[in-house]
Amino acid sequence: MADTIVSPKPLETTTPPGAEVVLSVQGVSKTYTNGTKALRDVSFDVRRGEFVVVIGPSGSGKSTLMRSLNRLVDVTSGAVLVDGESLTKAGGARLRAVRRRVAMVFQHANLVGRLTVLQNVLHGRLGHMGTLAGMFGRYTEADKQTAVDLLREIELGEHMYNRAAELSGGQKQRVGIARAIIQDPSVLLCDEPIASLDPSVSKVIMDMIFQMATSRNITAIVNLHQIDVALRYATRIIGMHKGEIVFDGPPADLTAETIERIYDTPVGELMIGEELRGER
Ligand SMILES: Nc1ncnc2c1ncn2[C@@H]1O[C@H](COP(=O)(O)OP(=O)(O)OP(=O)(O)O)[C@@H](O)[C@H]1O
């Protein structure tokens, strides 16, 4: 697979200098029950408005990290703070409140196929509603209007009453993004959002994630396999290797040497686009 869907020129960053920390990962380790150490003492802070891309070879712990940030995975030690509140220690209603601030876009969108596109977007509001109201789908008029507006923004307005199962892969992912955005999160997690899409659709999806997050000042953390895409969009890149962070900095600092350290492979043997081989 040639991973050259966009040229490696970083977009303008909108990160305000000195913005507040919205996500703090403090000494996080994760050992699965089979003994695999997926994360080893991982620490970093992310500020409002940053667009962070996490790269690393298969098995380096990117998905485990992502899933630790919304507690789909319980960490073995360390802490994750969202807007200063502990996600790792919270339980019950507090946990629900903290998780509400973290939205996720999945590789396969994870929509409910038998429901309409509009209902799928509205699902992003469930965390804000009481159990009964959520069970009976009693969304507020404001929520419904926001969902319709978002669907128009992502150019799926005419499909809002279609069943989600009828959409293409790229359209489903757009709905997944709208569902995450309507949650009004502080942090948007995207776990390999373009891994199952072709290059032209991938560009549309990455542009959409970037635009929707940065225009709303939502901090985004995106797992990607494609280094050239990471360089194009990221305001900051985190490189993982065997469960550890081995690079954390701006795209301009990602040298060929660093790429080799992250992937444990000579740059010439990686499919990263010609520009990156000679010039970095
Ligand atoms: N549920 C699990 N139980 C046991 N081991 C797991 C589990 N999930 C992941 N692992 C292991 O943890 C390590 C990190 O996996 P993870 O999926 O986080 O890596 P990744 O960088 O996201 O990989 P990929 O790019 O292939 O998705 C790997 O060795 C993996 O086999």
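No experiment lies behind these values; they were computed from the predicted model shown.

A. Representation of the overall build of the protein chain. When helices and strands are counted, the protein chain shows 10 helices and 10 strands. Considering the protein chain as a whole, with its 280 residues, one finds that 40% of them fall into the buried category. Within the protein chain, contacts between residues separated by at least 24 positions form 72% of all contacts whose residues are at least 6 apart in sequence.

B. Main features of helix H5 (residues 141–153). Taking 1.5 Å of rise per residue, the 13 residues of H5 would be expected to cover 18 Å, and the 18 Å separating its terminal C-alpha atoms lies within 8% of that figure. Burial in H5 covers these residues: Thr146, Ala147, Leu150 and Leu151. For H5, the angular spread of buried residues about the axis comes to 135 degrees, placing them on one side. Set apart from the buried face of H5 by more than 90 degrees, the exposed residues are Glu141, Ala142, Gln145, Asp149 and Arg152.

C. The arrangement of helix H6 (residues 169–181) in detail. Given a rise of 1.5 Å per residue, 13 residues ought to cover 18 Å, and the 19 Å separating the end C-alpha atoms of H6 matches this to within 8%. The element H6 is largely enclosed, with a buried count of 11 among its 13 residues. Regarding H6, the residues found buried are Gln171, Lys172, Gln173, Arg174, Val175, Gly176, Ile177, Ala178, Arg179, Ala180 and Ile181.

D. Examining the pairing of strand S6 (residues 102–105) more closely. The alternating pattern of S6 places Val102 and Met104 on one face and Ala103 and Val105 on the opposite face, and all of these are buried. Both S6 and strand S7 (residues 187–191) contribute to a ladder of four bridges, which runs parallel. Looking at the pairing, Ala103 lines up with Leu188 of S7.

E. Structural context of the pairing of strand S10 (residues 244–249). Inspection of the sheet shows strand S9 (residues 236–241) paired to S10 by five bridges, in the antiparallel sense. Residue pairing across strands places Met240 opposite Ile245, the latter belonging to S10. Where S9 hands over to S10, the hairpin turn is made up of two residues, of which Lys242 adopts a positive phi near 50 degrees.

F. Layout of the sheet that holds S10. The strand order across the open sheet built from six strands is S6-S7-S8-S3-S9-S10, with neighbouring strands paired in mixed fashion. Two strands close off the open sheet at either side, each with one partner strand: S6 and S10. Taken over all neighbouring pairs, the strand axes of this sheet differ in orientation by 20 degrees on average, direction set aside.

G. Just the site of the ligand, in detail. Taken together, Tyr32, Asn34, Thr36, Ala38, Gly56, Ser58, Gly59, Ser60, Gly61, Lys62, Ser63 and Thr64 make up the full set of residues adjacent to the ligand. When residues of the shell around the ligand are assigned to their parent elements, the largest contribution, three residues, is made by helix H1 (residues 62–68). Among the residues forming the shell around the ligand, the class breakdown is two nonpolar, nine polar and one charged.

H. Region of interest: the sheet that holds strand S5 (residues 85–86). On the basis of which strands lie adjacent, the open sheet formed by four strands has the order S2-S1-S4-S5 and antiparallel pairing. For this open sheet the edge positions go to strand S2 (37–47) and S5, each flanked by a neighbour on one side alone. Pairing between strand S1 (residues 21–31) and strand S4 (residues 77–82): five bridges, direction antiparallel. Following the sheet pairing, Val25 is matched in S4 by Val80.

I. Looking closely at the confidence of the model for the protein chain. For the protein chain, the average pLDDT comes to 89, and 89% of its residues sit at 70 or higher. Segment residues 1–8: pLDDT under 50, and 23 contacts once partners within four positions in sequence are set aside and those in other chains are kept. Interface confidence for the predicted complex, given as ipTM, is 0.98, next to a pTM of 0.89.

J. Quick peek at the packing of H6 against helix H7 (residues 199–215). Contact geometry of H6 with H7 gives a least axis separation of 10 Å together with a crossing angle of 10 degrees. Taken together, the axes of H6 and H7 lie roughly parallel to each other. Taken together, the residues of H7 that come into contact with H6 (itself represented by Gly170, Gln173, Arg174, Ile177 and Ile181) are Val201, Val204, Ile205, Met208, Ile209 and Met212. The class makeup of the residues in the contact of H6 with H7 is eight nonpolar, two polar and one charged.

What counts and how
Residues numbered from 1 in each chain as written. Predicted model: local features only at pLDDT ≥ 70, side-chain atom pairs only at ≥ 80, totals over all residues. Helix = DSSP H or I, 4+ residues; strand = E, 2+ residues; numbered from the N terminus. Buried ≥ 20, exposed ≤ 12 C-beta atoms within 10 Å, placed from the backbone. Contact = placed C-beta atoms within 7 Å. Expected span 1.5 Å × (residues − 1). Arc of directions from axis to C-beta. Pairing = 2+ DSSP bridges. Axes fitted to C-alpha atoms, helices over the stretch in contact; angles between N-to-C directions. Near = placed C-beta within 6 Å. Nonpolar A, V, L, I, M, F, W, Y, C, P; charged D, E, K, R; others polar. pLDDT = per-residue confidence, 0-100. Parallel < 35°, antiparallel > 145°, perpendicular 65-115°, else oblique.

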